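Chain residues, written in single-letter form:
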Amino acid sequence: MHDSHAPAPSGPHASDDLPPPGGLREPYGGPPEFGDLPFDDLPAAPPDGPHAPGGPPAGRAGASGRSAPGTAAAVVLATTAGAALRCGGGTLLDRLTDQLVALSVGEVHVVARSGDITRVTDGAYLIGAEGSHGLADDLRRVARVARAATGPVAVLAGDLVAHTEALAVLLSAPGGGTTALVVTDGDEPGPLRPPVRVEGGRVAAAGTSLHEVAGADGTFRGALRVGEADLGRLAETAETLAGLAETGVFGAMGGAEAGDLLLAGLVRYGVHVRARGLGRLRCERVAGQEDADAAVRRLNEVDVAHARLDAAVKADDGFFATYGVSSWSGHLVRPAAALGLTPNAVTWFSAGLALLAAAWFSAGTRPALVAGAVLVYLSFVLDCVDGQLARYTRTFSPVGAWLDATFDRAKEYVVYVGLAVGYAAGHGAAGGGPEGIWALAVAAMILQALRHMIDFSYAGSRADAGAARARSAGPSAATGGPSGVPADAAARLAPSRPAPPYGTSAGSTDAGGTDTGSTDAGSTGAGSAAGQGPGERARAAPQGSPPGNPVVRLSRLLERSSTTRWLKKIIVLPIGERMALIAVTAALFNARVTFLALLTWGGVAALYTLTGRIGRSLSK
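Residues numbered from 1 in each chain as written. Predicted model: local features only at pLDDT ≥ 70, side-chain atom pairs only at ≥ 80, totals over all residues. Heavy atoms only, no water.

### Here we look at the overall build of the chain
And then number 1: Scanning the chain from N- to C-terminus turns up 18 helices and 14 strands.
And then number 2: Out of the 620 residues belonging to the chain, those deemed buried represent 52%.
And then number 3: Long-range pairs, those at least 24 residues apart, make up 77% of the contacts in the chain between residues at least 6 apart in sequence. (Helix = DSSP H or I, 4+ residues; strand = E, 2+ residues; numbered from the N terminus. Buried < 20%, exposed > 50% of the residue type's maximum accessible area, 1.4 Å probe, protein only. Contact = heavy atoms within 4.5 Å.)

Here it is, written out as structure tokens:
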């Protein structure tokens, strides 16, 4: 890590305006390549760090200057006593900053209640300015970092215990978008595990101890990365939330929930937040030394090499891609990486197999149709492998994403041409004569192009709508909320249950405080029955009908069953199902049957998708 904007070391209250001290030393002789990362626990901090065991976490690191273009930054919210828990020879905060350094994060800003010196790694230090004064100050510091950043910004809880690989998965997420680490098959929601609802691979709703989530099916794990395109909305969200916090809207909620509030706020502002699962990797927040020790032991129980490979396989793919390809294609990823193949090279190999498939289909004989079907399947296998290899090696690029998407369409259409040529020639088992085969082929192409247009235009419209909502809630919007906060922003981000009065806890307390009765993130709030434990309150969370019109409610209801969830994935005829349909019908029948099947199923899929898009667009 190199923080060229750290203030000069003039004591615990150094000014952010002072010139930089010349930067920090890189550990281990420089930033490692991703393939050489130490995936197990990093070396613990030496015992001669600035804070004694059990002492408060150290102060904020970083300053307001801009970093180099594209440089990633991280804000560590070390405002809970958990950040100072011991881990080896240092603290959890030391361990987390060491991990960020190993992942070559450009700047690390530590937000804490004190202004002490923070040891970063290998004897290097960042000098903290005056400590943060509370939740509102925490959020404004996040906003300041977001406005100065020139690359993605990660917001992390300082009491986080995570595999380095889990943080790498978050920080290197493809596409440069906004991503949150979530678990959908883990523990119940509770303190330090706020509930979320995941739909279509994104966070559709996120909660805090004061924000309810209907139909919650996962938990947020305290690690969020905001892409460059969303930094403005992160800053606006943080500032709006800070204004609400200053007026007591959130009651006694402390800094422990600052990250949870930001996630909930971004989702409510319409930011597309991808939900990134962890697989066998672990990432969790802890509140006590016993919890911290147990969390570290759980890290060591995981085979990280295998978990890294598992994480390279899409967790939210189609049915055929999941069971017909990804169930075994991961075995090709390591050899491909060992051979030095790039994802783009695999994409070219996939395109080559599709061309060969089209050539075999054009022959029109039964053996040629069978051979073409096999090559279509193998082309799709490599189409999955290129993405898995990209995630495994974390070699993402806009060109690679564009190449993959473009070749998907080109491969499919060239296969259509090969099938039509073979059938029109009237060879062997294909049948005889053109018989309108070209009209069917062109119709299948047009239908598929229209389906993609619906998908892409809808995604663009959602993004534009989210940006418009963010602008309308900005400083130019009409005010009417507390302390000048825009009225619509206040309504959108306000708690969905009453805030507890000052003097009681809305969650885990800040550093140095005492937890006087945490309110579970999935609880019913002030109305919780006396005597219920955190787990009981989590299970008592309202899980009634989610909001929205009947189309949206039906869609969310179908998500609750694995069978209906898979049926929803199959009916939209994703690329895996299309390739399987082409291969099976071409090998067993002929091109006419293939095109008729594509038009029939594709038409149903288009109608289903269009109905769902309209229903969601009209949902409140």
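### Considerations on the side chain of Asp-260
And then number 1: One can find Asp-260 in helix α5 (residues 258-268).
And then number 2: No salt bridge forms around the buried Asp-260; measuring N to O, its nearest opposite-charge neighbour Arg-285 is 4.0 Å away.
And then number 3: Look past the residues within four positions of Asp-260 in its chain and what remains in contact with it is Pro-194, Gly-207, Thr-208, Phe-220 and Arg-285. (Lys, Arg positive; Asp, Glu negative; His and termini not counted. Salt bridge = Lys/Arg side-chain N within 4 Å of Asp/Glu carboxyl O.)

### Looking at helix α2 (residues 135-148)
And then number 1: Relative to the 20 Å expected for 14 residues at 1.5 Å per residue, α2 spans 20 Å between its end C-alpha atoms, a close match to the ideal helical length.
And then number 2: Counted residue by residue, α2 has ten buried out of 14 residues, so it is predominantly covered.
And then number 3: Regarding α2, the residues found buried are Leu-135, Ala-136, Asp-138, Leu-139, Arg-141, Val-142, Ala-143, Val-145, Ala-146 and Ala-148.
And then number 4: Where α2 is buried, its residues touch β1 (73-77), β4 (107-111), β7 (153-157), α4 (231-246) and α5. (Expected span 1.5 Å × (residues − 1).)

### Examining the pattern of salt bridges
And then number 1: Summed over all chains, the structure comprises 14 salt bridges.
And then number 2: Between Glu-284 and Arg-298 there is a salt bridge, with the nearest N and O atoms lying 2.9 Å from each other. Residue Glu-284 is found in strand β14 (residues 283-285), and its partner Arg-298 is found in helix α6 (residues 289-300); the two are separated by 14 residues along the sequence.
And then number 3: On the basis of relative accessible area, Glu-284 is assigned to the buried category, the value being 10%.
And then number 4: The network of salt bridges with common partners includes Arg-282, Glu-284 and Arg-298.

### Re the pairing of β1
And then number 1: Of all five residues that make up β1, five are buried, and the element is covered over most of its length.
And then number 2: Here β1 runs beside β7; their pairing, made up of five bridges, is parallel. From the neighbouring strand, Leu-77 faces β7, where its bridge partner is Ala-157.
And then number 3: The pairing of β1 with β4 spans five bridges and is classified as parallel. Across the sheet, the residue bridging to Val-75 is His-109, located in β4. (Pairing = 2+ DSSP bridges.)

### A short note on the packing of aromatic side chains
And then number 1: In total, this model carries eight aromatic pairs according to the counting rule given.
And then number 2: Consider the rings of Tyr-413 and Tyr-416, whose centres lie 5.9 Å apart with planes at 50 degrees: the pair is tilted. With a gap of three residues between them, Tyr-413 and Tyr-416 both fall in helix α11 (residues 398-425), about one helical turn apart.
And then number 3: Tyr-413 gets classed as partly exposed once you look at its relative accessible area, which sits at 21%.
And then number 4: Lying across the ring of Tyr-392, Arg-308 places its NZ or CZ 4.4 Å from the centre. (Phe/Tyr/Trp six-rings, centres within 6.5 Å; stacked < 30°, edge-to-face > 60°. Lys NZ or Arg CZ within 6 Å of the ring centre and 35° of its normal.)

### Concerning the environment of Leu-92
And then number 1: Here Leu-92 shows up in helix α1 (residues 92-102).
And then number 2: Separated by 200 residues in the primary sequence, Leu-92 and Ala-292 place their C-alpha atoms 8.3 Å from one another.
And then number 3: If we skip the residues at most four places from it in the chain, Leu-92 touches Gly-82, Ala-83, Leu-85, Cys-87, Gly-158, Asp-159, Val-161, Val-286 and Ala-292.

### Describing the environment of Thr-247
And then number 1: Among the structural elements, Thr-247 can be located in the loop between α4 and α5.
And then number 2: Separated by 111 residues in sequence, Thr-247 and Ala-136 place their C-alpha atoms 9.6 Å apart.

### Section: α5
And then number 1: Of all eleven residues making up α5, ten are buried, and the element is well covered by its neighbours.
And then number 2: Listing the buried residues of α5 in full gives Ala-258, Gly-259, Asp-260, Leu-261, Leu-262, Leu-263, Ala-264, Gly-265, Leu-266 and Val-267.
And then number 3: Following α5 by one or two positions, Gly-270 adopts a phi angle in the positive range, close to 95 degrees.

### Observations concerning a nonpolar patch on the surface
And then number 1: Together, Val-442, Ile-446, Leu-450 and Met-453 make up an exposed nonpolar region whose accessible area comes to about 360 Å².
And then number 2: Within the fold, Leu-450 resides in helix α12 (residues 437-472). (Patch = residues over 30% accessible without salt bridge, like charges linked within 9 Å, V, L, I, M, F, W, Y side chains within 5 Å. Areas by Shrake-Rupley, 256 points an atom, 1.4 Å probe, with all protein chains shown as cover.)

### Regarding the nonpolar core
If you look at soluble globular proteins, the nonpolar side chains tend to sit buried side by side.
And then number 1: With 46 residues, the main nonpolar core has Phe-250 and Leu-263 as its most contacted residues.
And then number 2: With eight residues, the top contributor of residues to this core is α4.
And then number 3: Non-local contacts of Leu-263, meaning those with residues more than four positions away in its chain, are made with Ala-180, Val-196, Ala-206, Phe-220, Leu-224 and Val-273.
And then number 4: Ranked by size, the runner-up nonpolar core spans 39 residues in total, among them Ala-312, Cys-384, Leu-419 and Ile-582. (Core = buried A, V, L, I, M, F, W, Y, C linked by side-chain atoms within 4.5 Å.)

### What to know about the confidence of the model for the chain
Segments scoring low in pLDDT should not have their predicted coordinates read at a detailed level.
And then number 1: Overall, the predicted model of the chain reaches an average pLDDT of 76, with 70% of residues at or above 70.
And then number 2: Across residues 121-128, where pLDDT falls below 50, the model places 41 contacts with residues more than four positions away in sequence or in other chains.
And then number 3: Note on residues 512-546: pLDDT under 50 across the span, and 71 contacts to partners over four residues away in sequence or across chains. (pLDDT = per-residue confidence, 0-100.)

### Comments concerning the packing of helix α17 (residues 575-588) against helix α18 (residues 591-618)
And then number 1: Where α17 meets α18, the closest approach of the two axes is 8 Å, and the angle between their N-to-C directions is 150 degrees. One way to sum up the angle between α17 and α18 is to call them roughly antiparallel. As α17 packs across α18, the resulting crossing turns out to be right-handed. Mapping the contact onto sequence places Glu-577, Leu-581, Ile-582, Thr-585 and Ala-586 in α17 and Val-593, Thr-594, Ala-597, Leu-598 and Trp-601 in α18. (Axes fitted to C-alpha atoms, helices over the stretch in contact; angles between N-to-C directions. Parallel < 35°, antiparallel > 145°, perpendicular 65-115°, else oblique. Left-handed = near helix turned anticlockwise from the far one by under 90°.)

### A short note on unusual backbone geometry
And then number 1: One non-glycine residue, Ser-104, lies in positive phi territory at about 60 degrees.
And then number 2: By the element assignment, Ser-104 lies in the loop between α1 and β4.
And then number 3: With phi around 50 degrees, Leu-573 is a residue other than glycine that occupies positive phi space.
And then number 4: Position of Leu-573 among the secondary structure elements: in the loop between α16 (562-571) and α17.
And then number 5: Classification of Leu-573 as buried rests on a relative accessible area of 1%.

### Brief notes about the packing of helix α7 (residues 304-311) against helix α8 (residues 319-338)
And then number 1: Relative to each other, α7 and α8 sit at 115 degrees, their axes nearing to 10 Å. Classified by the interaxial angle, the pair formed by α7 and α8 is roughly perpendicular. For α7 against α8, the interelement crossing comes out right-handed. Contacts from Ala-305, His-306 and Leu-309 in α7 reach Gly-330, Val-333 and Arg-334 in α8.
And then number 2: Per-class residue counts for the contact of α7 with α8 are three nonpolar, two polar and one charged. (Nonpolar A, V, L, I, M, F, W, Y, C, P; charged D, E, K, R; others polar.)

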